[in-house]
Amino acid sequence: MVSEAMRQLGATGNPMRVLFEYGKKRAAVVGAENVLDLALGNPSVPPPPQVNDVIREVLSGPMADSVHGYTSAVGDLDVRSRIAISLNRRFSAGCRAEDLFLTCGAAPALCACFKGLACPGDRFMVITPYFTEYRIFIQGAGAEVVEVPADRRTFLLDIDAVEAALDPSVKGVVINSPNNPSGVVYPRENLEALANLLRRKSAEYGAPIYLISDEPYREIVYDGVEVPWVPSVYENTLVCYSYSKAISLPGERIGYVLVPPAMEDHDAVFQAVAGAGRCTGHINAPSLFQQVAAACDGMVSDLTSYTVNRNRLYDSLTAMGFECVKPDGTFYLLMKSPEPDAAAFSRRAMELDLLFPDTSSFSCPGFVRIAYCVPVERVEKAIPRFARLAELYGLKARTA
Ligand code: PLP
């Protein structure tokens, strides 16, 4: 006998991975070059050269024998100090080594926050559309999910909708900017409005409402858009960061939770987060990649191909008559399905060997997500297939 809930989770996998596996099977039949997979958020550009330089240096230097050993559970002290210095330089964050808990990426960072904060009966608010795994992480921490839609025109935070859904059981609000899947970046005024609301409601309820800021795409932005430093806008913010996307290290598993010094009950929150990590088998983040994080914090891979793809897709798809949200960041584009059943639209695209998921699993029915962290040639090949779809749906091409 096994846990039925866990068995089901293991048996299903998320829709992007299901498409990814399908793409691999299909490639064996029609050739990999003919399957245009735009499903998975797997960075296609190499890490900045400094990543491999640091690895080489560490492996040939005085630390070579010790670098594969255990570190402190919360992360090596020197590494945490260097990341804190980088954050202070870039964001005037005023943070210290002891505010950082190094994790195996953003996913376990989020899990540690939910589990560390959740008391019986607590709920966490998520803004739809949201990264599919939040629900699993929150429920896994024994808490419940409250879904609140983003403004369906701008995909920014709808402060009135957040207010309407707040009550004393809401322990925290999860935000993700730059956002997966919409690509929007919340501007400072939008975050300030949320902060003012949370401060007012925290005072009314006599307990802090935490903001959990999930930021794996922080450095992936276009046209110089500002990504505000969220703890400077709202003091009770836990930052979950990952080096997976910005420096293209998703398989190496490295990130952190930052519990900023101004956080109410700072020490208790930090200990609860670290304790929650321990409870889910965290020993320490990979020690070699802690060194990489220390040396490369704030760097970003070459974004040229993402930028080219983003412009090409947005311009072409809107010209074909598709409705798209213009991404300010990430490497995703959210597009309205031309038929109410977005899963059916995604299946139609599959028939053309064009793979992208519908966003019902992001709690955003009626849309699809196109991941353009792929070589520019793949996007070029995809354009005529999108044009074919536009034709099939009788969309009206827009004239410039
Ligand atoms: N949060 C968001 C919004 C994501 O899109 C992802 C991965 O795609 C994660 C968290 C998890 O990232 P990591 O690889 O750091 O665990």
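Presented here is a report on the structure given in the accompanying data block. Computed from a predicted model, the values in this text were never measured in an experiment.

## Description of helix α13 (residues 342-351)
Right, so step 1: Along α13, the residues classified as buried are Ala342, Ala344, Phe345, Ser346 and Ala349.
Right, so step 2: One side-chain oxygen of the residue at the start of α13 lies 3.1 Å from the amide nitrogen of Ala343, identifying that residue as Asp341.
Right, so step 3: Of the residues flanking the end of α13, it is Asp353, one or two places downstream, whose phi is positive at about 55 degrees.

## Regarding the site of the ligand
Right, so step 1: Neighbouring residues of the ligand: 14 residues in total, closest Ala106, Asp214, Tyr217, Ser242 and Arg253.
Right, so step 2: At a separation of 2.8 Å, an oxygen atom of the ligand approaches a polar side-chain atom of Ser244.
Right, so step 3: Across the complex, the protein chains shield 91% of the 400 Å² of accessible surface that the ligand would expose by itself.
Right, so step 4: Taken together, the residues of the shell around the ligand break down into six nonpolar, five polar and three charged.

## Quick word on the environment of Val308
Right, so step 1: Along the chain, Val308 turns up in helix α12 (residues 304-320).
Right, so step 2: By relative accessible area, Val308 is classed as partly exposed at 43%.
Right, so step 3: In the structure, Val308 is positioned 42 residues away from Met350 in sequence and 24 Å away in space, judged by C-alpha atoms.

## Describing the nonpolar core
Right, so step 1: If you look at the biggest cluster of nonpolar residues, it comprises 36 residues, and the most contacted ones within it are Leu317, Phe322, Met335 and Phe386.
Right, so step 2: Of all the secondary structure elements, the ones that give two or more residues to this core are α12, β10 (332-336), α13, β12 (367-371) and α14 (376-392).
Right, so step 3: Looking at this core, the element that brings in the most residues is α14, giving six residues.
Right, so step 4: Looking at which domains feed residues into this core, each of domain 1 (4-48 + 301-392) and domain 2 (65-296) gives three or more.
Right, so step 5: If we skip the residues at most four places from it in the chain, Met335 touches Leu317, Phe322, Glu323, Cys324, Phe345, Gly366, Phe367, Val368, Ile370 and Phe386.
Right, so step 6: Among the nonpolar cores identified, the runner-up in size contains 31 residues, and Ala109, Ala112, Tyr210 and Leu238 belong to it.

## Quick notes on unusual backbone geometry
Right, so step 1: For the bond from Ser177 to Pro178, the omega torsion is -5 degrees, close enough to zero to count as cis.
Right, so step 2: Inspection of the secondary structure assignment puts Pro178 in the loop between β5 (170-176) and α8 (188-205).
Right, so step 3: Residues Asn180 and Pro181 are joined by a peptide bond in cis, for which omega reads 20 degrees.
Right, so step 4: Structurally, Pro181 can be placed in the loop between β5 and α8.
Right, so step 5: For Ser92, which is not glycine, the phi torsion reads 50 degrees and is therefore positive.
Right, so step 6: The backbone of Asp265 sits at a positive phi, close to 55 degrees, despite the residue not being glycine.
Right, so step 7: Structurally, Asp265 can be placed in the loop between β8 (255-258) and α10 (266-279).

Calculation rules
Residue numbering note: each chain is counted from 1, following its sequence as written. The model is predicted, so local features are restricted to residues of pLDDT at least 70 and side-chain atom pairs to those at 80 or more, both for listing and for counting; the totals for chains, interfaces and linings are taken over all residues. Neither water nor hydrogens contribute to the side-chain values; these are computed over all heavy atoms in the structure. Whether a residue is buried, partly exposed or exposed follows from its accessible area with a 1.4 Å probe, protein chains only, as a fraction of its type maximum: under 20%, in between, or over 50%, in that order. Labels follow the DSSP assignment, with helices taken as runs of H or I lasting at least four residues and strands as runs of E lasting at least two, numbered in each case from the N terminus. Side-chain atoms alone can form a polar contact between residues adjacent in sequence; in general such a contact is a pair of N or O atoms within 3.5 Å, and within protein one must be able to donate a hydrogen while the other accepts it. It suffices for a single heavy atom of a residue to lie within 4 Å of a molecule or strand for the residue to be listed as near it. Computed with the Shrake-Rupley method and a 1.4 Å probe, the accessible areas treat only the protein chains shown as cover for residues. Each residue is assigned to one class: nonpolar for Ala, Val, Leu, Ile, Met, Phe, Trp, Tyr, Cys and Pro, charged for Asp, Glu, Lys and Arg, and polar for all the others, Gly among them. For this analysis, a nonpolar core means a set of buried residues of the types Ala, Val, Leu, Ile, Met, Phe, Trp, Tyr and Cys, connected via side-chain atoms within 4.5 Å. Reported domain spans reflect what an automatic or database domain assignment gives. Note on contacts: a residue pair is in contact if any heavy atoms of the two residues lie within 4.5 Å.

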